[in-house]
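The lines below spell out each chain.
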Amino acid sequence: MIKSLLVYTVFFGILFLIVQFSQEAMLNNSEILLRYKTWDTNLFFAVASLIICVHFKLFSQIKNLQPQLGFIYLPTLFIKGALFYFAFKDSVFNLGDLNMAERLNLLIPLLSFLGLEVFFVVKIINKKVT
């Protein structure tokens with residue numbers, strides 16, 4: 001159990017560093033200025049996905065919840081979206097229209113962390129089903 005939690009933390013940490021530094025390099029090379037901080041949004045995506053994976057690992061240890069894990073995962077996307085809105089209401093959502101660079105710098109990290117999150121959640125669900 002502790003090994004799994006450490007693996008999740010390491011993988012999300014590595015993905016965070018890859019996403020953050022590749023974004024910074026790309027933005028510096030193209031001289032694009034964003035009106036929000038990528039560090040904060042990327043950190044939110046990494047920590048939120050890590051928390052979801054840790055909770056699913058803990059939930060998978062409870063016999064009564066094992067058949068329901070897939071259904072428990074569904075609302076996490078909406079909860080994460082709502083938390084993102086409330087956390088970044090002033091810094092991202094009050095900007096008005098986002099340009100394409102700003103949109104991509106939100107979407108690409110979101111999809112990257114979501115992909116890793118889904119990978120780990122599927123592994124947890126499949127491990128308990130079989």
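The structure this text deals with has already been given above.
(A) Looking closely at the side chain of Gln 23. You can see Gln 23 is positioned in helix α1 (residues 2-30). On the basis of relative accessibility, which here comes to 6%, the residue Gln 23 falls in the buried class. Aside from chain neighbours lying at most four places away, what touches Gln 23 is Thr 38, Asn 42, Asn 105 and Pro 109.

(B) Up close: the packing of helix α2 (residues 38-59) against helix α3 (residues 69-87). Running from amino to carboxyl end, α2 crosses α3 at an angle of 155°, the nearest separation of the two axes being 11 Å. Classified by the angle between their axes, α2 and α3 sit roughly antiparallel to one another. In terms of crossing hand, the pair formed by α2 and α3 is right-handed. Contacts between α2 and α3 involve Thr 41, Phe 44, Phe 45, Ala 48, Ser 49, Ile 52, Phe 56 and Phe 59 from the former and Leu 69, Ile 72, Tyr 73, Thr 76, Lys 80, Leu 83 and Phe 84 from the latter.

Parameters at a glance
- Residues numbered from 1 in each chain as written.
- Predicted model: local features only at pLDDT ≥ 70, side-chain atom pairs only at ≥ 80, totals over all residues.
- Heavy atoms only, no water.
- Helix = DSSP H or I, 4+ residues; strand = E, 2+ residues; numbered from the N terminus.
- Buried < 20%, exposed > 50% of the residue type's maximum accessible area, 1.4 Å probe, protein only.
- Contact = heavy atoms within 4.5 Å.
- Axes fitted to C-alpha atoms, helices over the stretch in contact; angles between N-to-C directions.
- Parallel < 35°, antiparallel > 145°, perpendicular 65-115°, else oblique.
- Left-handed = near helix turned anticlockwise from the far one by under 90°.

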